[in-house]
Each structure stands twice: as C-alpha cells, then as structure tokens.
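# Secondary and tertiary structure notes
Spelled out, the chains give:
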Amino acid sequence: MKGYVREVWPQGHPDLPESGIGVLLVNLGTPAATDYWSVRRYLSEFLSDRRVIELSPWLWQPILQGIILTVRPGKSGRAYDAIWDRETNESPLRRITREQNDALAGRLGEKYPSVQVRWAMRYGVPSLKSEIGSLIESGCRRILLLPLYPQYSAATTATACDEAFRVLMKQRWQASLRVTPPYHDDPAYISALVASLQGMLESLSWEPEVVLASFHGLPRECLEKGDPYHCHCQKTGRLLREALGWREEKLRVTFQSRFGPKAWLQPYSDETVKQLAGEGIKRLAILSPGFAADCLETLEEVAIGLRETFLAAGGEEFCYVPCLNTRDDHMDFLEGLIERELSGWL
C-alpha cells in the first residue's frame, strides 16, 4: 500500500507515518498475577462494567467494593494459581491469546506487509486503549476489531466495541473501524470444532456416553431483553451435533459460571453433570465451544471442577476437550475471517 507522498506536503507540514491497516484481536481479560491485589484490580474493572452487571452504580458499587471484592479475590486467586503458567508467569488466556496473535501476524505479514496484527484485553493489560493508540501512532488509518467470542453477547462483544469507540472518541483523526461479526455458525469454525473433538475422542481408550457443550452462562433476563447469545450457543450446538451425526441425547448444550441469586440460562453444567452421574452415566466428555482460548472458566471450572463433581457423584471416566487455541485449523479459520472482513481494504 502506498503511503503519503512527502514531496507534495506544504512547507512545515508535520511528518505523518505511512498508511497501514491494523487488526486487533480482543479477548476478555486476566489479572497480571494471582495475589489478592492483582486479582482485585482485575475484578473491580470487570465487575464495574455496566454491560456485565446491569445495575445502577449507586446500588452496585457499595456491594462490589465493600463485600464482593473483600472476599472474592482470594478465592479467584487460588483458582488462577491452580492453572497459572509458571514458565511464562502469566495466565493461560494471556499466553494463548499472545500466541494466536503471533501466529496470525506471521501468516498475514507474509502476504500483506501493510497489515499489523496486535492483541488486547478488554479488562487488564494490554488494554484496548494502549493497542489502538499504538496502531494509530504507527500509521494505521483502518482498524479491524476481532472480538474472540464466537457467540455474540452484550457482555462480551458489545463491551469490547464500546471501549474501542470510547478510545476513538478522544482521537482528533479517527481511524476507520470495522468489527468482525459473530462466527458461531461459520462452517470453518464448526469444522475445526468437529476435528478437535474427534481427535480427542480417538485418543481415548473409552467412548463417552454423553458429550456436553458447556458455554459460559448469562442471566436469563439478558435473553428476555433481546440478547442473541442463547440462540447463538444453541445453533453452535445443533450444527456441531449435525456435523457429527449424533442424536440430541449424545451431545447436549449446557451453561456454566453462574454468579449471584438471579436465574441464569439453563440447564446448568454443574447440575447436569451430577444428574448424569446419578442416572448411571459413567463416561463423560466436555468441550467449551464458546471460548477461543482456554482460560480460568475452562481449565479450572470445567477440567478440574466438573471432573471432581462427576467423579464424586459416581462417574468413572471424564475428558475435557481443550479449546481450539492455536490449532492450525483454528488459525486457518481466523486468517480467512480476517481476510474476508478486510475485503476492499487490502
């Protein structure tokens, strides 16, 4: 891509960088460490987002700052500590997102020298503010935002977009911004899920009687207010089931990670696991098609927590199927998604 023609600038015009295109991968976020204050800072930012907790700050903040953030950081810190990557001293979500960025930057950089690929977290670091600012400073007048959430929700995709636009609000010369659409039903995404699940099951010496597709939950009122997340999850589950040629009883959609007293999307993953064991199911596998990278909710809550729940209730064999992470077919899909959404810019 050609940059500005310096010869035609008026005398005294400030220097401008070559014009380029930025791609920004965005995931939810992570604390910088597992100690109380690191986790508290992260949770305070996360749980103060009104897209996440839809209560008036006048009502919510005294509860959050005075009660929840007194107790929860210690519990969450212990959970993070159980899965922390000691070698790189970061959470799995941060490490995997960084590796996804590096893989896509290498792939796209070879074909499109004008494209820069970066990554950011909605909560924590690197922040959307810092990475969007860095892209603009390096001359990117066009930015593609890629929220790494296959299924759209106001509490995930929308808040990432909110923050990106807040950053642009303070720019005198705003970059043009595009946002990739949710990809819950993209054939290449479904194919990657199928290949991942089949590959894991083929490596086992036993066959699961039931497979759960466990998605992060939301309060049920979000569905009633028009959030499409529940429908997107159900469609992902149905397409996955159809691609595998399985009956509905074999692959079931459930929801995890509920928080607080409100009713959340059902059936709940933890209650389903107990119920299945109580009904005599001895062999169970779980995958997490709502996460682009393994994180606290998959590695600690599912791979550790739901395993313990199932075995304690009478189950005998349990398998957690890792997220797509940096699998080649996942990177192939994301590369193709980026190229498709950059159409007309490349």
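Residues numbered from 1 in each chain as written. Predicted model: local features only at pLDDT ≥ 70, side-chain atom pairs only at ≥ 80, totals over all residues. Heavy atoms only, no water.

### A word on the overall build of the protein
- Tallying secondary structure elements over the protein gives 11 helices and 8 strands in all.
- A compact globule built from 346 residues should have a C-alpha radius of gyration of about 20 Å, and the protein, at 22 Å, falls within 12% of that.
- Taking the principal axes of the C-alpha coordinates as reference, the protein spans close to 80 × 50 × 45 Å.
- Summarising the internal contacts of the protein: among those between residues at least 6 apart in sequence, 76% fall at separations of at least 24.
- Of the accessible surface of the protein, which amounts to about 16300 Å², a share of 51% is contributed by carbon and sulfur atoms. (Helix = DSSP H or I, 4+ residues; strand = E, 2+ residues; numbered from the N terminus. Rg over C-alpha atoms; globule rule 2.2 N^0.38 Å. Contact = heavy atoms within 4.5 Å. Areas by Shrake-Rupley, 256 points an atom, 1.4 Å probe, with all protein chains shown as cover.)

### Some thoughts on the side chain of Ser-91
- Note that Ser-91 resides in the loop between helix H2 (57-83) and helix H3 (92-111).
- Since its relative accessible area comes to 3%, Ser-91 is described here as buried.
- Those residues in contact with Ser-91 that lie beyond four places of it in its chain are Thr-30 and Trp-84. (Buried < 20%, exposed > 50% of the residue type's maximum accessible area, 1.4 Å probe, protein only.)

### Topic: the environment of Glu-99
- Mapped onto the elements, Glu-99 comes out in helix H3.
- The sequence separation of Glu-99 and Asn-325 amounts to 226 residues, and the corresponding C-alpha distance is 8.7 Å.

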